[in-house]
Each structure stands twice: as C-alpha cells, then as structure tokens.
Amino acid sequence: MCGMSVDVGDLLLDTVPFARTLGIVFESVADGRAVCRVPDRPEFRNHVSGPHAGVLFTLAESASGAAVLSALGDQLERAVPLPTTATIEYRKVAVGDVRAEARLTGVREEIVAALDAGERPVFDVGVEITNGDGVVVSALTVTWTLRPHRPVG
C-alpha cells in the first residue's frame, strides 16, 4: 500500500460518515484495488425491491475512493483526492447483498509525475457492482483528480 500503515477502509469510514451509515464493509484494499460490500436492508430498497440507486452509487464511489487511497495515499501530504465526474450504468435489478470491486485504471507513476510537474492529474477508476450470484448489476467509471494543497500564508 505504498508504505501506508493506516487501514484505508477504516480511514474512509472515519472521514466519510455516510459510508458508515450504509454499513459498508471493506473486504480488501491494496495496490489500486478495493472490494467492499453493503448488506441488504429493507430500508435501503427501492420500488422494485432492489437496493436504491443511491446505495449502489455510494458503495461504488466508496470503493473507488479506497482504490485511489491504496495507490496514492502517500501523496496526501501534498494533495487531496477528489472525484470530478461519475457515470453509472444500471444493468439489472440487484437483489440481496451487493459487492463493488474498484480498480484504478490510471498508472500510478504517471499520476505522481503529473503532480511532480505541478499539474493536477486526472484519472479513472472502474467499478463493477455484483449481486450475491456474482452477476454484474451496475458498472461505473469515476474520474478523480489530485488537487494540490494551497500554500499556507
């Protein structure tokens, strides 16, 4: 995890309380990848008995953030990761627990090089959401940037 001693899932749950509210569980986070899931709860369901679109989006966006932190967490002293755009495809109604797997599609070295050059890197994270049977129910692309911290003073 690029020398990070912190648990990325715990860090994300501490800094993004809404992810905690949904009960998101981080199964694995390392090397630009993250897997997390959210339990099926009646209060999260929509009018067709699947998880509400907001639940799916939050799960996927949380997984993408964890993937970013696992690859680029060592850059937090000089830049803050921010999502800039996201597209989501709803393919099937999800039933039961859902799981998101996120993968950084940008190259870490190129992202860090852009930051070194004084640029604001932009890169994508792909996410697939599957149901309990492993069927892909939604797919997302979340575009992230690293915004350099502004000098103090």
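1. A closer look at the sheet that holds strand β2 (residues 33-38)
Part 1: Strands sit in the order β1-β2-β4-β5-β6-β3 across an open sheet of six strands; the sheet is antiparallel. Of all the strands in the sheet, just β1 (25-30) and β3 (79-90) have a single pairing partner and so form its edges. When the angles between neighbouring strand axes are averaged without regard to direction, this sheet yields 20°.
Part 2: Here six bridges tie β2 to strand β4 (residues 98-104), and the two strands are oriented antiparallel to one another. The residue of β4 that forms the bridge with Arg37 is Arg99.
Part 3: Contacts from helix α4 (residues 108-116) reach β3, β4, β5 (122-130) and β6 (136-148), with the element oriented near 30° to β6.

2. A word on the layout of surface pockets
Part 1: Taken as a whole, the largest pocket holds about 190 Å³ of empty space.
Part 2: Going through the elements one at a time, α1 (8-15) and α3 (53-72) are the ones with two or more residues in the lining of the largest pocket.
Part 3: Counting residues per element, the lining of the largest pocket draws most heavily on α3, at four residues.
Part 4: For the lining of the largest pocket, the per-class residue count stands at seven nonpolar, three polar and one charged.

3. Digging into the nonpolar core
Part 1: If you look at the biggest cluster of nonpolar residues, it comprises 41 residues, and the most contacted ones within it are Ile24, Phe26, Val38, Leu72, Phe123, Val125 and Ile129.
Part 2: Only α1, β1, β2, α3, β4, α4, β5 and β6 provide two or more residues apiece to this core.
Part 3: For this core, the element with the most residues is α3, which contributes 11 residues.

4. Observations regarding empty space enclosed by the protein
Part 1: One pass over the full model with this rule turns up one cavity of 30 Å³ or more.
Part 2: For the largest cavity, the calculated volume is near 40 Å³.
Part 3: Every residue along the wall of the largest cavity is listed here: Val38, Pro39, Asp40, Arg41, Phe44, Arg45, Pro51, Val55, Gly96 and Val98.
Part 4: For the lining of the largest cavity, a count of residues per class yields six nonpolar, one polar and three charged.

5. A word on the side chain of Thr130
Part 1: Along the chain, the position of Thr130 falls in strand β5.
Part 2: With sequence-adjacent residues up to four places away left out, Thr130 is seen in contact with Asp97, Val98, Arg99, Val135, Val136 and Val137.

Cut-offs and rules
Residues numbered from 1 in each chain as written. Predicted model: local features only at pLDDT ≥ 70, side-chain atom pairs only at ≥ 80, totals over all residues. Heavy atoms only, no water. Pairing = 2+ DSSP bridges. Helix = DSSP H or I, 4+ residues; strand = E, 2+ residues; numbered from the N terminus. Axes fitted to C-alpha atoms, helices over the stretch in contact; angles between N-to-C directions. Contact = heavy atoms within 4.5 Å. 1 Å grid on protein atoms, 1.4 Å probe; cavity = no way out; pocket = protein on both sides within 12 Å on 5 of 7 lines; lining within 4 Å. Points joined across faces, edges and corners; volume = space filled by probe spheres on them. Nonpolar A, V, L, I, M, F, W, Y, C, P; charged D, E, K, R; others polar. Core = buried A, V, L, I, M, F, W, Y, C linked by side-chain atoms within 4.5 Å. Buried < 20%, exposed > 50% of the residue type's maximum accessible area, 1.4 Å probe, protein only.

Function-wise, these values are silent; they only describe arrangement.
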